[in-house]
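Residues per chain, in single letters:
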Amino acid sequence: MDINVLSAYQTTAQDFFDRLKAWNTDLVLDVRLKNTNQLAGFTKQEDLEYFTHEIVHAEYVHDVEYSPSKTLLDQYLDQGLPYEQYFAQYKTEMEDRNAIFDFFKKYGTYASIAIVGTATKKRRSHAEELKILLDAAMEANGM
């Protein structure tokens, strides 16, 4: 299983979908907590689902099990929680939810998964950290 991460922000539609095609993506996993407002542009949930099917011929799933809690996200985005603390708390949330185990149960049949997050030039995304957790789990289990 290949897992890649890309941001829904600060990218063009062409670059976004070219990456998905280059990765032979068969699942686009949107782990953004907020993906329905106009600021999401072409990656707004309904639009991204349509474009994913039409352009990439892949499945699209929005799954907030892999999103941080709203409280944690607000602390990071609005209250200045340092990234290292944010990631540590995000990791704890994933452990409490048994999310990594669930990931492989839900999505283990896909060959190439692209996780959509919200990284910008100024801030990192939990999608990057999710990939780190998934890579560690695959390594630990000889996958």
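J.: Provide a residue-level description of helix 3 (residues 70-78), including the pertinent values.
T.: Leu72, Leu73, Asp74 and Tyr76 are the residues of helix 3 that are buried. As for helix 3, its buried residues are in contact with helix 4 (83-97). Where helix 3 terminates, the next one or two residues include Gly80, which has phi positive at roughly 80 degrees.

J.: Please give an account of the environment of Ala114 that cites residues and values.
T.: Mapped onto the elements of the fold, Ala114 is located in strand 4 (residues 112-117). Ala114 sits 17 residues away from Lys131 along the chain, and the two C-alpha atoms are 9.8 Å apart. Ala114 has contacts with Asn4, Leu6, Leu20, Trp23, Thr25, Leu27, Val28 and Leu29, leaving out every residue within four places of it along the chain.

J.: I'd love a proper account of the packing of helix 4 against helix 6 (residues 126-140), names of residues and values included.
T.: One can describe the packing of helix 4 onto helix 6 by two numbers: an axis separation of 10 Å at closest approach and a directional angle of 55 degrees. Classified by the interaxial angle, the pair formed by helix 4 and helix 6 is oblique. Relative to helix 6, helix 4 is oriented so that their crossing is right-handed. For the pair formed by helix 4 and helix 6, the contact residues are Tyr83, Tyr86, Phe87, Tyr90, Lys91 and Met94 on the first element and His126, Glu128, Glu129, Leu130 and Leu133 on the second. The residue inventory of the contact of helix 4 with helix 6, partitioned by class, reads 7 nonpolar, 1 polar and 3 charged.

J.: Give me the sheet that holds strand 2 (residues 27-30): which residues, what numbers.
T.: A sheet is described by the order of its strands in space; here 4 strands give the open sequence 1-4-2-3, paired in parallel fashion. A strand with exactly one partner marks an edge of an open sheet, and here the two such strands are strand 1 (2-7) and strand 3 (59-62). Pairs of neighbouring strands in the sheet enclose a mean axial angle of 20 degrees, with direction left out of account. Against the sheet, helix 1 (residues 13-22) contacts strand 1, strand 2 and strand 4, and its axis sits at roughly 180 degrees relative to strand 1. Of the strands in this sheet, strand 1 and strand 4 touch helix 6, which is tilted by about 170 degrees from strand 1.

J.: Could you give an account of the packing of aromatic side chains, with specific residues and numbers?
T.: With the rule as written, the count across this model stands at 11 aromatic pairs. Relative to Phe17, the ring of Phe16 lies with its centre 5.1 Å away and its plane at 75 degrees, an arrangement referred to as edge-to-face. Measuring from ring centre to ring centre gives 5.8 Å for Tyr66 and Phe103, while their planes differ by 85 degrees; the resulting arrangement is edge-to-face. Linking Tyr66 in the loop between strand 3 and helix 3 with Phe103 in helix 5 (residues 99-107), this pair joins segments that are 37 residues apart in sequence. We classify Tyr66 as buried; its relative accessible area is 0%. Taken together, the ring pairs connect Tyr66, Phe103, Phe104, Tyr107 and Tyr110 into an aromatic cluster.

J.: Quick rundown of the nonpolar core? Include the residues and the values.
T.: Among the nonpolar cores identified, the biggest contains 27 residues, and Tyr66, Phe103, Tyr107, Ile113, Ile115, Leu130 and Leu134 are the most heavily contacted of them. Considering every element that reaches this core, the biggest residue donor is helix 6, with 6 residues.

J.: Lay out the packing of helix 5 against helix 6 in plain terms, naming residues and giving numbers.
T.: Interhelical geometry of helix 5 versus helix 6 gives an angle of 75 degrees and a closest axis separation of 10 Å. Comparing their axes, helix 6 and helix 5 come out roughly perpendicular. Contact residues: helix 5 offers Ile100, Phe103 and Phe104, while helix 6 offers Leu130, Leu133, Leu134, Ala137 and Met138. Here the contact of helix 5 with helix 6 is built from residues that sort into 8 nonpolar, no polar and no charged.

Cut-off values and rules
Residues take numbers from 1 onward in each chain, read along the sequence in its written order. Totals for whole chains, interfaces and linings use all residues, but because this is a predicted model, local features are given only for residues with pLDDT of at least 70 and pairs of side-chain atoms are given and counted only at 80 or more. Hydrogen atoms and water are omitted, and side-chain values are computed over all heavy atoms in the structure. For the exposure calls, accessible area comes from a 1.4 Å probe over protein chains only, and a residue counts as buried if that area is under 20% of its type's maximum, exposed if over 50%, partly exposed in between. Each helix is a run of H or I in the DSSP string that is no shorter than four residues. Each strand is a run of E no shorter than two, and both are numbered from the N terminus. What makes two residues a contact is simply this: any of their non-hydrogen atoms within 4.5 Å. Lines are fitted to the C-alpha atoms to define the axes, a helix being fitted only along its stretch in contact, and any angle between axes, read from their N-to-C directions, falls within 0 to 180 degrees. Angle categories: roughly parallel below 35 degrees, roughly antiparallel above 145, roughly perpendicular from 65 to 115, and oblique for all the rest. In this scheme the handedness of a crossing depends on how the near helix is turned from the far one: anticlockwise by less than a right angle means left-handed, clockwise means right-handed. Polar here means any residue outside two lists: the nonpolar Ala, Val, Leu, Ile, Met, Phe, Trp, Tyr, Cys and Pro, and the charged Asp, Glu, Lys and Arg; Gly therefore counts as polar. A pair of strands is labelled paired if DSSP reports no fewer than 2 bridges between them. Each Phe, Tyr or Trp ring, with Trp reduced to its six-membered ring, pairs with another whose centre is within 6.5 Å; inter-plane angles below 30 degrees give stacked pairs, above 60 give edge-to-face pairs, and intermediate values give tilted ones. Remark: nonpolar core denotes a set of buried residues (Ala, Val, Leu, Ile, Met, Phe, Trp, Tyr, Cys) joined through side-chain atoms within 4.5 Å.

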